Amino acid sequence: MLNQASIKNKFLLLGKSIKLCEFTESHINNEYISWLNDPQVVKYSNQRFMHHDFNTCSAYEQSFKDSENLFLAIHLKDNNKFIGTMTVYYSSSYMVADLGLMIGNKSYWGKGIGQEVWQMMMTYLLEIKKIPKVTGGALSSNLGMVNIMKKTGMQLDSERVKSELVNDLPINTLYFAKFSIE
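Bear in mind that the values here come from a model prediction, so they are computed numbers and not experimental data.

**Focus: the pairing of strand S8 (residues 169–179)**
Link 1 in the chain: Two strands pair when backbone bridges link them, and strand S6 (residues 133–139) and S8 are joined in this way by seven bridges, in the antiparallel orientation. Bridging across to S8, Gly 137 finds its partner in Tyr 175.
Link 2 in the chain: Taken together, the eight bridges between strand S7 (residues 155–166) and S8 define a ladder with antiparallel strand orientation. Each bridged residue has a counterpart across the sheet, and for Val 166 the counterpart in S8 is Leu 169.
Link 3 in the chain: Two successive antiparallel strands, S7 and S8, enclose a turn made up of two residues, where Asn 167 displays a positive phi of approximately 55°.

As C-alpha cells, then:
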C-alpha cells in the first residue's frame with residue numbers, strides 16, 4: 001500500500017505555537033461540525049455545497065484509514081485547543097503531496113497560524129520525507145490562502161480560468177507548488 005516514502009506513521013508535529021496530530025473520531029463534536037456548516041468558514045471550499053453532521057464527518061474521517069493520505073487536527077500547543085484541520089493527499093505513484101487547510105475557529109484567523117501550519121508541513125514533506133513536490137490550490141479570491149502559499153515560498157504552477165462560481169461570479173483557481181532541493 002505505502003512505499004518507502006510513506007508520509008504516515010504515528011503522526012505528531014510540533015511547531016512554535018501549534019501541534020499537528022492525527023484527526024480522530026474524538027475530534028468530531030458540535031464545534032467542529034459547526035465550522036463545516038458555517039458559510040464564512042467554507043466560503044471558498046467545496047464543503048460549501050454540503051450539509052455536515054456526525055455521520056458525514058465520521059465517514060470522511062474513516063476514508064483516511066486505509067489510504068496514503070493524512071487528516072490532521074490543528075491544536076494550540078500551549079492549551080491543546082482544537083482550532084482547525086489539515087489534509088495531505090499523497091500520491092506515492094507520482095511522489096506529490098497536495099495540502100489543504102481549514103482554520104475553523106474564526107477567532108484564530110489572521111494570527112499567522114495557517115502560515116505556521118503550512119510551512120511546518122511543507123518542511124516535513126520536502127526535507128524529512130523527501131517528497132519532490134508539494135502542491136496546494138485556492139480560488140484567486142481566497143486571498144488568505146493565496147498569501148500563505150506565496151509567503152511559504154510556493155510558486156504559481158498553473159491557473160484554471162473562471163473555473164468556479166462564488167456569489168455568481170466566475171473565479172479562477174490558482175495552483176501552487178514547491179519542489180524539494182535535490
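Having seen the model, we can carry on.
**What to know about helix H2 (residues 54–62)**
Link 1 in the chain: Inspection of H2 places Cys 57, Ser 58 and Glu 61 among the buried residues, and these make up the whole buried set. The buried residues of H2 occupy an angular sector of 100° when projected down its axis, which confines them to one face.
Link 2 in the chain: Capping the start of H2 is the job of one residue whose side-chain oxygen sits 2.9 Å from the backbone nitrogen of Asn 55: Asp 53.

**Some remarks on the side chain of Glu 68**
Link 1 in the chain: Residue position: Glu 68 is located in the loop between H2 and strand S3 (70–76).
Link 2 in the chain: Judged by relative accessible area, Glu 68 falls into the buried class, the value being 17%.
Link 3 in the chain: Among the polar contacts made by the side chain of Glu 68, one reaches the side chain of Ser 92 at a distance of 2.3 Å.

**Overview of the pattern of salt bridges**
Once the charged atoms of two side chains with opposite charge are near each other, the side chains can pair.
Link 1 in the chain: Scanning all chains against the criterion turns up five salt bridges.
Link 2 in the chain: Across the pair Asp 38 and Lys 106 runs a salt bridge, and its minimum N-O distance is 2.8 Å. Pair noted here: Asp 38 is in the loop between helix H1 (30–36) and H2 and Lys 106 is in the loop between strand S5 (96–103) and helix H3 (113–128), with a separation of 68 residues, a long-range link.
Link 3 in the chain: Taking relative accessible area as the criterion, Lys 106 reaches 34% and is therefore assigned partly exposed.
Link 4 in the chain: The shortest N-O distance in the salt bridge between Asp 157 and Lys 133 comes to 3.0 Å. Highlighted residues: Asp 157 in strand S7 and Lys 133 in strand S6, separated in sequence by 24 residues.
Link 5 in the chain: Among the charged side chains, a salt-bridge network with shared partners connects Glu 22, Glu 61 and Lys 65.

**Overview of the sheet that holds strand S2 (residues 18–22)**
Within a sheet, neighbouring strands are paired by backbone hydrogen bonds and run either parallel or antiparallel to one another.
Link 1 in the chain: Reading across the sheet, the eight strands line up as S1-S2-S3-S4-S5-S6-S8-S7 and stay open at both edges, with mixed pairing between neighbours. Only two strands of the sheet have a single partner each, and these edge strands are strand S1 (12–14) and S7. Within the sheet, the average angular offset between the axes of one strand and its neighbour, ignoring direction, is 25°.
Link 2 in the chain: Where S2 and S3 come together, five bridges link them in antiparallel fashion. Bridge pairing links Glu 22 to Leu 72 in S3.
Link 3 in the chain: Where helix H4 (residues 143–151) meets the sheet, its contacts fall on S5, S6 and S8, and the angle it forms with S6 comes to roughly 155°.

About the cut-offs
Residues numbered from 1 in each chain as written. Predicted model: local features only at pLDDT ≥ 70, side-chain atom pairs only at ≥ 80, totals over all residues. Heavy atoms only, no water. Pairing = 2+ DSSP bridges. Helix = DSSP H or I, 4+ residues; strand = E, 2+ residues; numbered from the N terminus. Buried < 20%, exposed > 50% of the residue type's maximum accessible area, 1.4 Å probe, protein only. Arc of directions from axis to C-beta. Polar contact = N/O pair within 3.5 Å; in protein donor to acceptor, adjacent residues only side chain to side chain. Salt bridge = Lys/Arg side-chain N within 4 Å of Asp/Glu carboxyl O. Axes fitted to C-alpha atoms, helices over the stretch in contact; angles between N-to-C directions. Contact = heavy atoms within 4.5 Å.

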